[in-house]
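Residue-level structure breakdown
Here are the chains, one letter per residue:
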Amino acid sequence: MELGIALDLSEPGVSTGTWDELARLAEERGLALVVLTASDGRESVPEGGGAAASGEPSGEGAAAEQPATAGLDPWTAATWLAGRTSSIGIGVPLPDLRAESSHDAVTPYPMVVAKAGESFDLLAPGRLLTDAAAWVHAPRGASAEELSVLAGQGRPVVVPVDSEQEVRRLADLVSGAPRVVRPQRSLAVRARRRPGIDYESVPESLAGLAVEPGDPGYRGVASNYLRAGSPGLVLRPGTPDEVADALGYARRHTHLPLGIRSAGHGVSGRSTNKGGLVVDLRRMNGIEVLDPARRLVRIGPGATWKQVSAALHPHGWAIGSGDYGGVGVGGLATAGGIGLLGRAHGLTIDHLRGVELVLADGSQVRASADEHPELFWAFRGAGANFGVGTAFEFEADRIGQVGHAELTFVTTDIEKSLADYGRIASEAPRDTTVFLVTGRPRQGQWTVQLFGVVDNPDPEVIVERLTPFAQIGLLAQQQVVVTPYMGVMGSAADVGPEGHQGFGQPVSRSAFLPRLTPEFARDAADLLRSGRVYFFELRAMGGAIADVPSGEMAFPHRASAFQVTAMGANDGSINQVWDPLRHHFDGLYLSFETDPRPERLHDAFPPAVLERLREIKRHYDPNNLFRDNFNIDPHPDARTAPSGAVKS
Ligand SMILES: Cc1cc2nc3c(=O)[nH]c(=O)nc-3n(C[C@H](O)[C@H](O)[C@H](O)COP(=O)(O)OP(=O)(O)OC[C@H]3O[C@@H](n4cnc5c(N)ncnc54)[C@H](O)[C@@H]3O)c2cc1C
């Protein structure tokens, strides 16, 4: 029996992995064919329009088979896939090109499509099938018996899939056992390998999707959102077992930097490096409802908050996250999550009810209030030090329409604007969370932006809540909409196969501010006048964030009224203007901090918290495998960790 997979490109919600990863897995596991379709019912491409430009077919037949998608059309996807795979057949149902050409001499598309077909053949000789009669469609989830009946027609049978498990099930039906193909790399690629990495011993489970410096997909996984990187090897596990394999490999390479990456928005956490290893969890991005009555959901670390908000929206639920939908679940939900629903609903970690992790020694555990409670305590605030979170269980909130505001002001008196903002944001009812962003002055004027959410669907209440903020400067622009939380997160850009394109290294400082006093406004105005800070942000806290006792998790800074972030050109320059402000602060939020000076760890974690964390670290990661993000050294007084120490 010859089996293949059918991918519907208009179905954005594949639960694990993206469409091209499913196709690559199918190839890796020995399936014969991947058929690309898009079924969302768009109209055909206008004559001489986008079809000619994109090589996309048009006409009635093609329109029925290949409607436009929010993402890629099948033809573009097929071309992309041809470069990402080496042998699997690629099916794109097209009208008969020769027949169309002879019937229609006016419309240019058949000729264009024919040319595109020829080019495709040069790219991937003999791999494109355009005649839909060349395969048989099986229903989704078809059983082995159903498939073997269909295979009796003597053609490959394709089954719609949306998860890696389904691809694996089909592959197992064909071979009885998975077939792992280690990619053969050319001499030119192997010449770019980095010293100190045993490329030949990459575990079989990871070899197929591992990316090395010379590989075609390398550029898309090298950097993260804000930071340039050039890792020596990127491992891309898709299951907790594969994460354990990746960590086993990392344990054999402790002489190299190790970055754990979820969605790649790390500021403090590196999640990329130079010449080291990266464990990229983006394929683990499933979102599923576990218990509707409790609004309990289970989310993979590689999902972004944009995806999470979209998936929860149909239920009328949301989980307060950050202010930007592109940020990942893994990085945010291990550190805190100070977002635009913060005063109304608390931090993101306040909604965590359990987490599944792979520990440094490769063992898999679940941490919750009842299971490994100390680990659960540590994970909510200092999670990056203790393991790789492979699934996060959250209790979502019932959240309807909210007011989402973006207001832009101009001011010449930044000290007054900051003071006014501080007072108004702190006094606002807890349904209102407003952040302030500003930067360098231009000709003596500052542009100040406010980003806010009012957790109330009533436009009158929204306007009432926002009106006091109007006095912080001269209102230059305003946009206030009533939207589900999905609309707040939705503006984040989707990251395509080309990945993040961060460059340089961010230089950022972060602190908690107990109160925004007139003295702070004065000193912060001096900092802004210096011109050394190009991005300055105040995030309002309080409300539900302050309801949680400070000892409940490893995020002790509950009493702060604001979190402050400043970004500058380099450490020397920013320290000169930031260090004089320190007496205003009480602690720091590690997610926005890049200061390498060791005292910053003590700012993030007060002495008792740090000691408790070290104790837990000694238990779960005694050899300090996880060290890319505010490293809590388990043995700060010893030169090296005790050899052979293992988790008990
Ligand atoms: C544009 C932008 C907006 C932001 N907005 C907010 C905001 O509103 N509120 C807020 O609180 N923060 C915000 N942040 C900071 C953000 O929370 C952190 O940088 C976070 O680490 C990013 O998570 P990620 O998964 O995208 O990052 P990644 O770069 O993938 O990971 C960052 C670090 O987190 C750790 N980590 C990642 N995944 C895991 C995992 N599965 N298990 C254990 N550790 C892991 C690793 O140490 C890693 O280096 C923002 C950052 C950016 C760049």
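Keep in mind the model is a prediction, meaning the values are calculated, not measured. (Residues numbered from 1 in each chain as written. Predicted model: local features only at pLDDT ≥ 70, side-chain atom pairs only at ≥ 80, totals over all residues. Heavy atoms only, no water.)

Strand order in this open sheet of 6 strands is E4-E3-E2-E1-E6-E5, and the pairing throughout is parallel. Either end of the sheet is taken by a strand with one partner, and the two such strands are strand E4 (128-129) and strand E5 (136-137). The pairing of strand E2 (residues 33-37) with strand E3 (residues 89-91) spans 3 bridges and is classified as parallel. Note that in E3 the partner of Leu33 across the bridge is Gly89. Sheet contacts for helix H4 (residues 74-84): E2, E3 and E4; angle to E2, the most-contacted strand, approximately 150°. This element, helix H7 (residues 144-151), spans strand E1 (3-8), E5 and strand E6 (157-160) of the sheet and lies at about 140° to E6. (Pairing = 2+ DSSP bridges. Helix = DSSP H or I, 4+ residues; strand = E, 2+ residues; numbered from the N terminus. Contact = heavy atoms within 4.5 Å. Axes fitted to C-alpha atoms, helices over the stretch in contact; angles between N-to-C directions.)

Right, let's get into the pattern of salt bridges. For the structure shown, the criterion picks out 45 salt bridges. A salt bridge links Arg185 to Asp215; the nearest nitrogen and oxygen atoms lie 2.7 Å apart. Highlighted residues: Arg185 in the loop between helix H8 (164-175) and helix H9 (187-190) and Asp215 in the loop between helix H10 (204-207) and helix H11 (219-222), separated in sequence by 30 residues. Taken individually, Arg185 and Asp215 each receive the classification buried, so the pair is uniform in this respect. A cluster of three or more residues bridged by salt bridges with shared partners is formed by Arg509, Asp571, Asp579, Arg582, Glu593, Asp595, Arg597, Arg600 and Asp603. (Salt bridge = Lys/Arg side-chain N within 4 Å of Asp/Glu carboxyl O. Buried < 20%, exposed > 50% of the residue type's maximum accessible area, 1.4 Å probe, protein only.)

A separate point is a nonpolar patch on the surface. Taken together, Met1, Leu173 and Val174 make up a surface patch of nonpolar side chains, about 230 Å² in accessible area. Considering the arrangement of structural elements, one finds Met1 in the segment before E1. Given the relative accessible area of 46%, Met1 is considered partly exposed. (Patch = residues over 30% accessible without salt bridge, like charges linked within 9 Å, V, L, I, M, F, W, Y side chains within 5 Å. Areas by Shrake-Rupley, 256 points an atom, 1.4 Å probe, with all protein chains shown as cover.)

Where helix H1 (residues 19-28) meets H4, the axes come as close as 10 Å, and the angle between the chain directions of the two elements is 45°. The angle between H1 and H4 places the two elements in the oblique class. Viewed along their axes, H1 and H4 form a crossing whose handedness is right-handed. The segment H1 lies against H4, with Trp19, Asp20, Ala23 and Arg24 engaging Ala77, Trp80, Leu81 and Arg84. Looking at the contact of H1 with H4 residue by residue, the class counts come to 5 nonpolar, no polar and 3 charged. (Parallel < 35°, antiparallel > 145°, perpendicular 65-115°, else oblique. Left-handed = near helix turned anticlockwise from the far one by under 90°. Nonpolar A, V, L, I, M, F, W, Y, C, P; charged D, E, K, R; others polar.)

The next thing to look at is the nonpolar core. In terms of nonpolar packing, the biggest core is built from 63 residues, with Ile319, Val329, Phe386, Phe394, Phe605 and Leu613 touching the most fellow members. Broken down by element, the residue count for this core peaks at 6 residues, all from helix H16 (residues 373-382). If near-sequence neighbours (up to four positions away) are discounted, Leu613 is found in contact with Trp377, Ala378, Ala382, Phe386, Ala554, Phe605 and Ile632. Core analysis: the next-biggest nonpolar cluster, separate from the first, contains 41 residues, Leu418, Ala425, Val507 and Phe585 among them. (Core = buried A, V, L, I, M, F, W, Y, C linked by side-chain atoms within 4.5 Å.)

All right, on to the confidence of the model for the protein then. When the pLDDT values of the protein are averaged, the result is 88; 88% of them are 70 or greater. Note on residues 98-102: pLDDT is under 50 here. Beyond four places in sequence and across chains, it has 4 contacts. Segment residues 640-648 is flagged for pLDDT under 50; beyond a separation of four residues in sequence, or across chains, it makes 15 contacts in the model. (pLDDT = per-residue confidence, 0-100.)

Lining the immediate environment of the ligand, one finds 36 residues, of which Ser262, Ser271, Asp323, Tyr589 and Asp628 sit closest. Take Arg270: an N or O atom from its main chain is 3.4 Å from an oxygen atom of the ligand. Burial of the ligand by the protein chains amounts to 96% of its free accessible area of 950 Å². Counting residues per element, the ones that place at least two in the shell around the ligand are strand E8 (258-261), helix H14 (329-335) and strand E15 (388-395). At 4 residues, H14 tops the list of elements feeding residues into the shell around the ligand. Here the shell around the ligand is composed, by residue class, of 15 nonpolar, 16 polar and 5 charged. (Near = heavy atom within 4 Å. Polar contact = N/O pair within 3.5 Å; in protein donor to acceptor, adjacent residues only side chain to side chain.)

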